[in-house]
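Coordinate analysis (summary)
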Amino acid sequence: MLKKLAKFLFSIVLAFIIVFGGFWMFFGDLVKEEYAAYRKSSAPILLYHAVGEPVEIEWPPSLIMPASLFESHLQYLNQEGYKVVSVEDLVSLLKNGGNLDKVVAMSFDDGYRNNHTDALPLLKKYNAKASFYIVHRDIGKTIYMGKDRLQDLLDSGMEIGSHTINHAPLALIDPKYLPWEVGSAKKFIERDLDGYELKGIAYPNGGYNEKVLAAVKEYNFSYGLTGKVGANTHQTFQKTPYELYRISIVDDGNGLEGFKRRLERAYLWGFLQTRGIDLNILRDFLMQ
């Protein structure tokens, strides 16, 4: 069964390559122009987790980004003329028709302490902004940020968002718990931060469904972050503000080149979506 499936997928890929090769021969220059125009009108959101000191987490080691590698990402973005903003700032640009050329938003999930001790000084060094999505149950625990560190992020111009109460996979839990994981998390984090208003939520593991989207809207979030790869445009935001695209940034062993490829992947997948080709569907199918 697996061999038949593999042969079937291989035949599809081979046919695609042949068709694409012929298409590129005749229309390559036009596609390049359209892709360049798309890049100027779209913005990726980068997703990080831990940065710097090792932490004991039940995640692949690749999610722990060495501080020196993270700094190389910031150096590259700075040298290439990118403006690194928070997701909140990006959403403002998306809402108001702002210029997205060379704009990239930066985000961190889970609220690890080294986001404050290691990542924040580098963000300040390169005049970059970022958003941090916090699991409420973990605030103040050993490897996570406490209220004082979160407040320092805010005082440094960063954004705080929700990553639910328990990091629950929202699309898989009983919908009766959504008011707790979505609504109460927002309320509790805002209370802990002296009334700071949370604008965004990052869905744990990137998963969501229609009931999750309804709950996020009901509890007055301005946007939601998914696990889908792509770049965000004015058009996609107007259509689905609670389904923003992100690209996961990991230490894949390829150094700065690995980062460059992932940044390019965000643009490329987003561009293909405008042509009716959503590679997220294929990725999700193969991961089942």
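Overview of the structure. (Residues numbered from 1 in each chain as written. Predicted model: local features only at pLDDT ≥ 70, side-chain atom pairs only at ≥ 80, totals over all residues. Heavy atoms only, no water.)

Once that is clear, we can look at the side chain of H136. Position of H136 among the secondary structure elements: in the loop between β6 (131–134) and α5 (147–155). Since its relative accessible area comes to 16%, H136 is described here as buried. (Helix = DSSP H or I, 4+ residues; strand = E, 2+ residues; numbered from the N terminus. Buried < 20%, exposed > 50% of the residue type's maximum accessible area, 1.4 Å probe, protein only.)

With 12 residues, helix α4 (residues 114–125) should cover 16 Å at 1.5 Å per step; its first-to-last C-alpha distance of 16 Å lies within 8% of that length. Three or more residues of α4 are buried, namely N114, N115, H116, D118, A119, L120, L122 and L123. After α4 finishes, the residue N127 shows a positive phi value of roughly 55°. (Expected span 1.5 Å × (residues − 1).)

This brings us to the packing of helix α2 (residues 67–79) against helix α9 (residues 255–274). Packed helices, taken two at a time, are described by their axes: the angle between them and the distance between them. Direction vectors running N to C along α2 and α9 enclose 55°, while the axes themselves pass 10 Å from each other. Looking at the two axes, α2 sits oblique to α9. In this structure, the crossing between α2 and α9 has a hand that is right-handed. Here α2 contributes L69, S72, H73, Y76 and L77 to the contact with α9, which in turn contributes G255, L256, F259, K260 and L263. Taken together, the residues of the contact of α2 with α9 sort by class into six nonpolar, three polar and one charged. (Axes fitted to C-alpha atoms, helices over the stretch in contact; angles between N-to-C directions. Parallel < 35°, antiparallel > 145°, perpendicular 65-115°, else oblique. Left-handed = near helix turned anticlockwise from the far one by under 90°. Contact = heavy atoms within 4.5 Å. Nonpolar A, V, L, I, M, F, W, Y, C, P; charged D, E, K, R; others polar.)

Moving on: the packing of aromatic side chains. In total, this model carries 10 aromatic pairs according to the counting rule given. Centre to centre, the rings of Y76 and F259 are 6.2 Å apart; their planes meet at 85°, and the pair counts as edge-to-face. Of the two residues, Y76 sits in helix α2 while F259 sits in helix α9, which places them 183 residues apart along the sequence. A single burial state applies to Y76 and to F259, both of which are buried. Between F108 and F132, the aromatic rings sit 4.8 Å apart at their centres with planes inclined by 10°, giving stacked as the arrangement. Placement of the pair is F108 in strand β5 (residues 103–110) and F132 in strand β6, with a sequence separation of 24 residues. Summarising the burial analysis for this pair, F108 and F132 share the class buried. (Phe/Tyr/Trp six-rings, centres within 6.5 Å; stacked < 30°, edge-to-face > 60°.)

The topology assignment puts S184 in helix α6 (residues 178–192). Filtering out sequence-adjacent residues up to four positions away, S184 remains in contact with I165 and P179.

Our next topic: the packing of α4 against α5. Viewed as axis vectors pointing N to C, α4 and α5 meet at an angle of 20°, and their least axial separation amounts to 10 Å. Between α4 and α5, the angle is such that the two are roughly parallel. The handedness of the crossing between α4 and α5 comes out as left-handed. Taking contact as the criterion, the partners of H116, T117 and L120 in α4 are, on α5, R149, D152 and L153.

In short, geometric facts, not functional conclusions.
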